[in-house]
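Architecture and fold: a report
The lines below spell out each chain.
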There are 2 protein chains.
Amino acid sequence: MAFGDQLVDAGGKIAPDDDGDIGELNEIVGFHIRLAHGACYRHFTETFAELELTQKQVSALWLVDDHPGISQIEVGTRLRMDRATTMTIVNRLQARGFMRREKSATDGRKQALFLTDRGHDALAQAKEAIRAHEAWLKSRFTQKEVDTLMELLARIHE
Amino acid sequence: MAFGDQLVDAGGKIAPDDDGDIGELNEIVGFHIRLAHGACYRHFTETFAELELTQKQVSALWLVDDHPGISQIEVGTRLRMDRATTMTIVNRLQARGFMRREKSATDGRKQALFLTDRGHDALAQAKEAIRAHEAWLKSRFTQKEVDTLMELLARIHE
DNA sequence: CTTATTTGTTAGTGGAGCATACAATCCTGC
DNA sequence: GCAGGATTGTATGCTCCACTAACAAATAAG
């Protein structure tokens, strides 16, 4: 990847051995969160290339499986998505035959969401892939570090 | 937000006091990374609403300021973006008069990137906003925890 | 010199987040 | 019980980001 390259030219000074330096940016917590998320996202996408499922889709399948009959607004709230975004996720999963909408018996405004048989199959496969993905992620940490990381991350999003 | 709501209906059992439960999903590290990133992204977007700058744009401005004459490919490599994505970022920043491209003196394939005066102004404002954003992020941690978090995150994206 | 690689560019695809607007349903205050 | 407000789902449209594929120009490698 051309390490040791000349980084400043066109009249600037030469700065060798500047490998991947990002200066003060390295001290920004938000920046590291974004990079870690990006790395995670890319590995996830690779892992789920065959299944053709995104993080959001898997999360939604998982959540509906855990809570059959859950409403769209609840799915959105728990996964931190707004109504419009949740719609597109559910639409896709429904179009692929993984999920179905039923009129809620207790609240006419709500849709009750359920997995189809194909949805259960897809989720089972997805959980296998998640295991591989998580193994990749956790391979660089001790269990204690994993616990610490999750606790710290939870404080950000709770 | 209707906590204590009935979550399972349409024939299912009632599950009260299920506030925000996401079941096993809660044990997935990648899930917490995504949620933390989302929370971070939303706060960043709010903080930068007036400046109309995105995380990527600020990172790129910052990096070019630190390394005047850096090439697009280097920006992309260091910020973990591919060439095409880097293009769109630089295009936007150039269109807004924050950045300019010069032909590299040492490698005819490369563009040397520089901030304009307006770009320096924008970055100065952005750094102010970053301070507020980082303060929000760090407010829930001790300095030691911040260090730990950054170290753990770095292991993911390095 | 010929070939392969690197860099920038363009064009197109898809996911995700958000805002707005609207209709149906539910809930509250009177 | 009724009117007004809130909630939920839906539709539309916008922006941003990541990626692919293809191409041209320049450099590097054989």
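Nothing here was measured: the structure is a model prediction, and the numbers come from that model. (Residues numbered from 1 in each chain as written. Chains lettered and ligands numbered in written order. Predicted model: local features only at pLDDT ≥ 70, side-chain atom pairs only at ≥ 80, totals over all residues. Heavy atoms only, no water.)

Structural notes on the overall build of chain A
- A tally of regular secondary structure across chain A gives six helices and two strands.
- Out of the 158 residues in chain A, the part that is buried amounts to 49%.
- Within chain A, contacts between residues separated by at least 24 positions form 47% of all contacts whose residues are at least 6 apart in sequence.
- Accessible surface computed for chain A: about 7900 Å², of which carbon and sulfur atoms make up 51%. (Helix = DSSP H or I, 4+ residues; strand = E, 2+ residues; numbered from the N terminus. Buried < 20%, exposed > 50% of the residue type's maximum accessible area, 1.4 Å probe, protein only. Contact = heavy atoms within 4.5 Å. Areas by Shrake-Rupley, 256 points an atom, 1.4 Å probe, with all protein chains shown as cover.)

Some details on the interface of chain B and chain A
- Listed by partner, the interface residues are 70 residues for chain B and 71 residues for chain A.
- Between chain B and chain A lies a buried interface of about 6600 Å² when both sides are counted; carbon and sulfur atoms form 63% of it.
- Ranking the residues of chain B by area buried against chain A places Arg34(B), Arg78(B) and Ile156(B) at the top, with a combined share of 10%.
- Along the contact surface separating chain B from chain A lie four salt bridges.
- Residue Lys127(B) pairs with Glu24(A) through a salt bridge whose shortest N-O separation is 3.2 Å.
- In this assembly, chain B and chain A are joined by 15 residue pairs in polar contact (both at pLDDT 80 or more).
- Counting only elements with at least two residues in the side of chain B that touches chain A, the list comes to α1 (29-47), α2 (55-66), α3 (72-79), β1 (99-103), β2 (111-115), α5 (117-138) and α6 (143-157) of chain B.
- The element contributing the most residues to the side of chain B that touches chain A is α1(B), with 12 residues.
- The residue inventory of the side of chain B that touches chain A, partitioned by class, reads 32 nonpolar, 16 polar and 22 charged. (Buried area = accessible area lost by both parts, 1.4 Å probe. Salt bridge = Lys/Arg side-chain N within 4 Å of Asp/Glu carboxyl O. Polar contact = N/O pair within 3.5 Å; in protein donor to acceptor, adjacent residues only side chain to side chain. Nonpolar A, V, L, I, M, F, W, Y, C, P; charged D, E, K, R; others polar.)

Things to note about the packing of aromatic side chains
Residues and elements named next belong to chain A.
- The final tally for this structure, using the stated rule, is two aromatic pairs over all chains.
- Residues Phe44 and Phe48 carry aromatic rings whose centres are separated by 4.1 Å and whose planes lie at 5° to one another, so their mutual orientation is stacked.
- Owing to a relative accessible area of 5%, Phe44 belongs among the buried residues under this scheme.
- Judged by relative accessible area, which is 1%, Phe48 ranks as buried. (Phe/Tyr/Trp six-rings, centres within 6.5 Å; stacked < 30°, edge-to-face > 60°.)

Focus on the protein's contact with DNA strand C
- Taken together, the neighbourhood of DNA strand C is formed by 22 residues, with Thr54(A), Gly108(A), Ile73(B), Arg83(B) and Gln111(B) sitting nearest.
- Counting only atoms of DNA strand C within 4 Å of the protein, the sugar-phosphate share comes to 68%.
- A distance of 2.7 Å separates a phosphate oxygen of DNA strand C from a polar backbone atom of Gly108(A).
- Arg83(B) has a polar side-chain atom sitting 2.7 Å from a base nitrogen of DNA strand C.
- Broken down by secondary-structure element, the contributors of at least two residues to the surface near DNA strand C are α4 (83-95) of chain A together with α3 and α4 (83-95) of chain B. (Near = heavy atom within 4 Å.)

Description of the confidence of the model for chain A
- Put simply, chain A has an average pLDDT of 87, and 87% of its residues get 70 or more.
- The low-confidence segment residues 1-17 of chain A (pLDDT under 50) makes 31 contacts with residues lying over four places distant or belonging to another chain. (pLDDT = per-residue confidence, 0-100.)

Quick look at the protein's contact with DNA strand D
- Taken together, 21 residues lie near DNA strand D, and Gln72(A), Ile73(A), Arg83(A), Gln111(A) and Thr54(B) sit nearest.
- For DNA strand D, the fraction of atoms within 4 Å of the protein that belong to sugar or phosphate moieties is 67%.
- Residue Gly108(B) places a main-chain N or O atom 3.2 Å away from a phosphate oxygen belonging to DNA strand D.
- Mapped by element, the contributors of at least two residues to the surface near DNA strand D are α3 (72-79) and α4 of chain A together with α4 of chain B.
- With four residues, α4(B) is the single largest residue contributor to the surface near DNA strand D.
- The residue inventory of the surface near DNA strand D, partitioned by class, reads five nonpolar, six polar and 10 charged.

Focus: the relation of the copies chain B and chain A
- Expressed as a screw transformation, the operator carrying chain B onto chain A has a rotation angle of 180° and an axial translation of 0.0 Å, and the superposed copies differ by an RMSD of 0.0 Å. In symmetry terms, the pair is related by a two-fold rotation axis. (Least-squares fit on C-alpha atoms with pLDDT ≥ 70 in both.)

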